[in-house]
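What the coordinates show
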Amino acid sequence: MTSTATRTLVTGGASDFRLRRAGSRKREQLISWAFLVPFLIAFVLFLAWPILHGIYLSFTDQSLTGAGGAFVGFANYAEALVDPVMWQSMWNTVWFTLLSTVPLVAVALLMAALVDRGLPGQWLWRLSFFMPYLLASTVISQIWVWIFNPQIGAANNILKFFGLEPIAWLQNSDTNMLSIVIATVWWTVGFNFLLYLAAMQNIPPQQYEAASLDGAGAWRQFWSITLPQLGPATVLILILQILASLKLFDQAYQMLGGVASDTTRSIVQYIYEAGFVNYRFGYSAAISYVFFALIVIIGVAQTLVTRRKKEQ
């Protein structure tokens with residue numbers, strides 16, 4: 001009798017434990033979904049739906065005015081592929097990326113090396129190098145519009161000091177893209193500087209001490225110790241910088257007062273003009289997905305090159 005009652009109590013206790021455990025799992029699942037649902041709603045509303053709707057629009061003749069909307073198949077893509085303005089805008093974007101990426105990496109590396117080697121007043125240097133990155137693009141654009149002013153700008157005053165002729169920086173097709181590159185480098189180099197500085201400060205100081213004991217100077221230490229260990233940081237900076245430069249729009253549009261030129265019109269600006277100036281939403285969507293394909297190709301190429309370097 002006693003053993004039967006004991007088995008009953010044990011069985012009942014195990015059953016209650018399983019019920020409590022199942023209830024605990026359900027509560028955990030409900031809590032998990034409570035945290036996930038807001039993100040899923042935001043993901044669907046602001047990422048998944050716009051992408052799917054944009055793909056749909058690219059196959060229609062939808063207008064900003066609400067007219068059109070008929071399915072036109074690949075007509076927009078066919079037009080984009082033979083559009084000389086689109087390809088010129090694409091080349092301008094790639095050219096800007098090439099011009100800006102090299103100094104944004106090299107200058108950031110130099111700045112980080114100077115601060116890491118122990119310049120006096122490091123906090124002031126860090127603040128000075130990073131401060132422009134915190135400013136809005138409108139502020140940056142206005143600052144450099146004044147600097148490049150043909151009559152009273154600081155850029156031409158420097159040229160006059162060296163006996164050179166003044167330049168209409170933003171009005172001249174030979175220098176307007178260079179002007180945008182200079183402004184962009186000054187504006188965004190601080191972010192790359194911080195990434196490089198963080199990577200340098202993670203290098204064990206014992207390596208530099210051992211190199212000093214072996215007679216290696218500052219340049220040899222930088223070349224043989226610092227640079228090789230900055231490889232991952234450099235890859236990250238290159239990827240982020242290329243993706244950011246391909247999205248050129250704000251500073252170019254603002255510095256030139258919204259006036260598009262054959263030498264500075266970026267692909268993002270052309271997408272904006274097609275959709276919001278010429279009211280061709282469908283064609284604008286098609287151009288944006290052609291541009292997206294270019295970004296994917298560049299991303300895949302970077303991944304393959306990086307993987308090959310790691311294997312070597």
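All of the points below concern the structure found in this document. This one's a predicted model, so the numbers in the text were calculated from it and none came from an experiment.

The rules we used
- Residues numbered from 1 in each chain as written.
- Predicted model: local features only at pLDDT ≥ 70, side-chain atom pairs only at ≥ 80, totals over all residues.
- Heavy atoms only, no water.
- Helix = DSSP H or I, 4+ residues; strand = E, 2+ residues; numbered from the N terminus.
- Rg over C-alpha atoms; globule rule 2.2 N^0.38 Å.
- Contact = heavy atoms within 4.5 Å.
- Areas by Shrake-Rupley, 256 points an atom, 1.4 Å probe, with all protein chains shown as cover.
- Lys, Arg positive; Asp, Glu negative; His and termini not counted.
- Charge placed at Lys NZ, Arg CZ, Asp CG, Glu CD.
- Core = buried A, V, L, I, M, F, W, Y, C linked by side-chain atoms within 4.5 Å.
- Buried < 20%, exposed > 50% of the residue type's maximum accessible area, 1.4 Å probe, protein only.
- Phe/Tyr/Trp six-rings, centres within 6.5 Å; stacked < 30°, edge-to-face > 60°.
- Axes fitted to C-alpha atoms, helices over the stretch in contact; angles between N-to-C directions.
- Parallel < 35°, antiparallel > 145°, perpendicular 65-115°, else oblique.
- Left-handed = near helix turned anticlockwise from the far one by under 90°.
- Nonpolar A, V, L, I, M, F, W, Y, C, P; charged D, E, K, R; others polar.

Turning next to the overall build of the protein. When helices and strands are tallied, the protein shows 13 helices and 0 strands. For 312 residues, the compact-globule formula gives about 20 Å, and the C-alpha radius of gyration of the protein, at 29 Å, lies well above that figure. Projected onto its principal axes, the C-alpha coordinates of the protein cover approximately 115 × 75 × 40 Å. Sequence separation of 24 or more characterises 64% of the internal contacts of the protein that already satisfy a separation of 6 or more. For the protein, the accessible area works out to roughly 19,200 Å², and carbon and sulfur atoms hold 70% of it. A distance of 19 Å separates the average location of the 18 positive side-chain charges in the protein from that of its 14 negative side-chain charges.

So, on to the nonpolar core. Counting 37 residues, the largest nonpolar core has Phe148, Ile180, Phe193, Tyr196, Met200 and Met255 as the members making the most contacts within it. Within the residue set of this core, elements represented by two or more residues are helix H3 (84-116), helix H5 (137-147), helix H6 (154-161), helix H7 (176-201), helix H10 (231-246) and helix H11 (250-255). For this core, the leading source of residues is H7, giving 12 residues. Setting aside residues up to four positions removed in sequence, isoleucine 180 forms contacts with Phe96, Leu248, Gln251, Ala252, Met255, Leu256 and Thr264. Among the nonpolar cores identified, the runner-up in size contains 17 residues, and Phe59, Tyr77, Ala286 and Ile287 belong to it.

To continue, consider the packing of aromatic side chains. Under the counting rule described, the total for this entry stands at 21 aromatic pairs. Ring geometry for tryptophan 144 versus phenylalanine 148: centroids 5.3 Å apart, planes at 35°, classification tilted. Comparing tryptophan 144 with phenylalanine 148, the two get one shared label, buried. Ring geometry for phenylalanine 148 versus tryptophan 169: centroids 5.2 Å apart, planes at 40°, classification tilted. Of the two residues, phenylalanine 148 is situated in the loop between H5 and H6 and tryptophan 169 in the loop between H6 and H7; the sequence distance between them amounts to 21 residues. You can call phenylalanine 148 buried: its relative accessible area is 3%. Each residue in the set Phe249, Tyr253, Tyr272, Phe276 and Phe281 is aromatic and connected to the rest through ring pairs, giving one cluster.

Moving on, we get to the packing of H5 against H7. Running from N to C, H5 and H7 cross one another at 130°; their axes reach a closest spacing of 10 Å. With respect to H7, the element H5 is oriented oblique. In terms of crossing hand, the pair formed by H5 and H7 is right-handed. Seen from H5, the contacting residues are Ser137, Ile140 and Trp144; seen from H7, they are Ile182, Ala183, Trp186 and Trp187. Looking at side-chain class alone, the contact of H5 with H7 contains 6 nonpolar, 1 polar and no charged residues.

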